[in-house]
Structures are given as structure tokens and as C-alpha cells.
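Geometric and topological summary
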Amino acid sequence: MKIAVASDHGGYVLKEAVKAHLIEKNIEVIDLGTDSEGSVDYPTFGKACGEAIADGKADLGVVVCGTGIGISIAANKVKGVRCGLCTSVEMARLTKQHNNANILALGGRTTEENLAMEIVDTWLNTEFEGGRHQRRVDMLDQM
Ligand code: RB5
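Read on for a plain summary of the structure. Computed from a predicted structure; not experimentally measured. (Residues numbered from 1 in each chain as written. Predicted model: local features only at pLDDT ≥ 70, side-chain atom pairs only at ≥ 80, totals over all residues. Heavy atoms only, no water.)

1. Re the environment of Ser-88
- Among the secondary structure elements, Ser-88 is positioned in the loop between strand S4 (83–85) and helix H4 (89–97).
- Distance in space between the C-alpha atoms of Ser-88 and Thr-122 is 9.8 Å, their sequence separation being 34 residues. (Helix = DSSP H or I, 4+ residues; strand = E, 2+ residues; numbered from the N terminus.)

Written out as C-alpha cells, the structure is:
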């Protein structure tokens, strides 16, 4: 399993923490940047992560900006991406069970680190339910 991670400056600190958390679990991580808290543009990094998933370079992705909003919008512009912004463990469970989200978005300025790790673990450890949700995911993928 390979997970791509990407952030802007507002998500840099949390992206680094997520990366360390995944590496600790022996998950291979592809870090698409950014590399510091210097100001950058979140669309660049959301797009890079989306394309890594769409091109099959990574199986899943985690994107982080200040709120998670801008970078999730950017990732979702890439065909085949289903990026879910999660601020709770319940949302993390449901975005895998129902949306089969292949990218998780987090807010570096809005979600504290311990909760973010619980969100990451829940999203990773939850299975997609399929069934009626498969039809809806197929509809998304055709847009
Ligand atoms: C950057 O200041 C901030 O706008 C960005 O990290 C993000 O929150 C956008 O949605």
C-alpha cells in the first residue's frame, strides 16, 4: 500500500505528522510537498495528489491545507478522485463506507493532531460497503 501526502503551508505541520504516523505503521509514503511553512498555493498540491491517485502512483492520498477545504476542492477536480474532508472520526468512517474516498482531506488549523491521527486510522481501517453505495460512487466517477 502506497499513500501520497500533500499540503500547502497551512497544512505542512499536520502533513508531516501524518507522514510520520504512516511510516511508523510501515506504510510507504510518497511526499508530494510542500516542504516548509513558506507560502504556496493549495491547488498545486491538491492536484498533484489527485493525479498520483488517478495515475496509479499511489493507492490512497492524504491532503492538508489550513481548513482542508481548498485542497479537497482541488483534489476533487481530478477525474477518479473522491476526496472527503473529515473533521470527526464518524465522518472518516462514513467517507470510506459510503463514498469509498480515495483521498482524505484534513485541516491543519482546524483539527488537532491526536484527532487527525484517529481520523486517518479510522479511514484506513474501514471497508467500503458497496451495494447501493457502489452505484452512487459509479455515478460520481462518471461525472
Ligand atoms: C492558506 O492561507 C489557506 O487559505 C489554505 O491553507 C486553506 O485553508 C484553503 O482552503
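2. Some words on the site of the ligand
- In the neighbourhood of the ligand, the contacting residues comprise Asp-8, His-9, Tyr-42, Cys-65, Gly-66, Thr-67, Gly-70 and Arg-109.
- The separation between an oxygen atom of the ligand and a polar main-chain atom of Gly-70 is 2.9 Å.
- Considered on its own, the ligand offers 290 Å² of accessible surface; in the complex 70% of this is hidden by protein.
- Residue composition of the shell around the ligand, grouped by class: 2 nonpolar, 4 polar and 2 charged. (Near = heavy atom within 4 Å. Polar contact = N/O pair within 3.5 Å; in protein donor to acceptor, adjacent residues only side chain to side chain. Areas by Shrake-Rupley, 256 points an atom, 1.4 Å probe, with all protein chains shown as cover. Nonpolar A, V, L, I, M, F, W, Y, C, P; charged D, E, K, R; others polar.)

3. Details of the packing of aromatic side chains
- This model, assessed by the stated rule, comprises 0 aromatic pairs.
- Across from the ring centre of Trp-123, 5.5 Å away, lies the NZ or CZ of Lys-96, which sits over that ring. (Phe/Tyr/Trp six-rings, centres within 6.5 Å; stacked < 30°, edge-to-face > 60°. Lys NZ or Arg CZ within 6 Å of the ring centre and 35° of its normal.)

4. Quick word on the sheet that holds S4
- Across the sheet, 5 strands lie side by side as S2-S1-S3-S5-S4; this open sheet has parallel pairing. Since the sheet does not close on itself, it has two edges, and those belong to strand S2 (28–31) and S4, each with one partner. Between one strand axis and the next, the sheet turns through 25° on average, direction left out of account.
- Where strand S1 (residues 2–7) and strand S3 (residues 60–65) come together, 5 bridges link them in parallel fashion. Directly across from Ala-4, in S3, lies its bridge partner Gly-61.
- Here helix H2 (residues 42–54) sits on the sheet in contact with S1, S3 and strand S5 (103–107), set at roughly 175° to S3. (Pairing = 2+ DSSP bridges. Axes fitted to C-alpha atoms, helices over the stretch in contact; angles between N-to-C directions. Contact = heavy atoms within 4.5 Å.)

5. Digging into the environment of Glu-112
- Take Glu-112: it is sitting in the loop between S5 and helix H5 (113–125).
- Taking the relative accessible area as the measure of exposure, Glu-112 reaches 48% and is therefore partly exposed.
- In this structure, the C-alpha to C-alpha distance between Glu-112 and Thr-87, residues 25 residues apart in sequence, is 9.6 Å.
- Here the side chain of Glu-112 touches Asn-114 through a polar contact of 3.3 Å, landing on its backbone nitrogen.
- Reaching out from Glu-112, the side chain makes a polar contact with the backbone nitrogen of Leu-115 at a distance of 3.1 Å. (Buried < 20%, exposed > 50% of the residue type's maximum accessible area, 1.4 Å probe, protein only.)

6. Let's talk about the packing of helix H1 (residues 12–24) against H5
- Packing of H1 against H5 brings their axes to within 10 Å, and their N-to-C directions diverge by 50°. By the angle between their axes, H1 is oblique relative to H5. Crossing of H1 over H5 shows right-handed handedness. Between H1, through Leu-14, Ala-17, Val-18, His-21 and Leu-22, and H5, the contact on the second element is made entirely by Glu-113, Ala-116, Met-117, Val-120, Asp-121 and Leu-124.
- Tallied by class, the residues present in the contact of H1 with H5 amount to 8 nonpolar, 1 polar and 2 charged. (Parallel < 35°, antiparallel > 145°, perpendicular 65-115°, else oblique. Left-handed = near helix turned anticlockwise from the far one by under 90°.)

7. Describing the pattern of salt bridges
- Scanning the model with the defined rule gives 9 salt bridges in all.
- Notably, a salt bridge pairs Lys-15 with Glu-16, separated by 2.9 Å at the nearest N-O pair.
- What makes Lys-15 buried here is its relative accessible area of 1%.
- Relative accessible area serves as the criterion here: at 25%, Glu-16 is assigned to the partly exposed category.
- Residue Lys-47 is joined to Glu-51 by a salt bridge in which the shortest nitrogen-to-oxygen separation is 3.1 Å. Placement of both Lys-47 and Glu-51 in helix H2 is noted, with a separation of 4 residues, approximately one turn of the helix.
- Given the relative accessible area of 45%, Lys-47 is considered partly exposed. (Salt bridge = Lys/Arg side-chain N within 4 Å of Asp/Glu carboxyl O.)

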